[in-house]
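Examination of the molecular architecture
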Amino acid sequence: MMMSHDGTTRCRRTLVVGLVLLCGAVLPGCRKAPILADDERSQFDRYDLVRDEYAPAYLSDEYGAKRPNLRGRLIGRR
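Keep in mind that this is a model prediction, so the values were computed, not measured. (Residues numbered from 1 in each chain as written. Predicted model: local features only at pLDDT ≥ 70, side-chain atom pairs only at ≥ 80, totals over all residues. Heavy atoms only, no water.)

**Quick look at the confidence of the model for the protein**
It should be kept in mind that the predicted coordinates are not to be read in detail where pLDDT is low. Per-residue pLDDT for the protein has a mean of 78; in total, 78% of the residues score no lower than 70. Mean pLDDT across the elements of the protein bottoms out in helix α3 (residues 70-74) (80) and peaks in strand β1 (residues 58-60) (87). (pLDDT = per-residue confidence, 0-100. Helix = DSSP H or I, 4+ residues; strand = E, 2+ residues; numbered from the N terminus.)

**Comments concerning the packing of aromatic side chains**
All chains considered together, the criterion is met by zero aromatic pairs. Sitting over the ring of Tyr-58, Lys-66 keeps its end group 5.1 Å from the ring centre. (Phe/Tyr/Trp six-rings, centres within 6.5 Å; stacked < 30°, edge-to-face > 60°. Lys NZ or Arg CZ within 6 Å of the ring centre and 35° of its normal.)

**Some thoughts on the environment of Tyr-54**
Note on placement: Tyr-54 falls in the loop between α2 (45-50) and β1. Classification of Tyr-54 by relative accessible area gives partly exposed; the value is 34%. Considering only alpha carbons, one finds Tyr-54 and Gly-72, 18 residues apart in sequence, at a separation of 8.7 Å. The residues contacting Tyr-54, other than those within four sequence positions of it, are Arg-41, Asp-45, Asp-48 and Leu-49. (Buried < 20%, exposed > 50% of the residue type's maximum accessible area, 1.4 Å probe, protein only. Contact = heavy atoms within 4.5 Å.)

**Re helix α1 (residues 6-26)**
Along its 21 residues, α1 runs 30 Å from first to last C-alpha, staying within 8% of the 30 Å computed at 1.5 Å per residue. Counting buried residues along α1, only zero of its 21 residues qualify, which leaves the element largely exposed. (Expected span 1.5 Å × (residues − 1).)

**Side note on the pattern of salt bridges**
Any two side chains of opposite charge can pair, on the condition that their charged atoms come close. In the structure shown here, the tally under the stated rule is one salt bridge. A salt bridge links Asp-61 to Arg-67; the nearest nitrogen and oxygen atoms lie 3.1 Å apart. (Salt bridge = Lys/Arg side-chain N within 4 Å of Asp/Glu carboxyl O.)

**Things to note about unusual backbone geometry**
Look at Asp-52: it is not a glycine, yet its phi comes out positive at around 55°. Looking at where Asp-52 falls in the secondary structure, it is placed in the loop between α2 and β1. Take Asp-52: its relative accessible area is 56%, and that puts it in the exposed class.

The following block contains the structure:
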């Protein structure tokens, strides 16, 4: 008489698929970011820096949290 182990096989298969999906979701987060804070944002950054018009990418608010400096980067020049 043969015994069927469909429940055990299905459970193992589900576990393996779950681990593969988990690894696939976690591993890309371990890579270095493609754009760093020190990178130049455009070909005009050096021009702005020399003329003291360079706007930092982030500013700290009154609570110490870093916020994107959208106004400083998008507003017109002096």
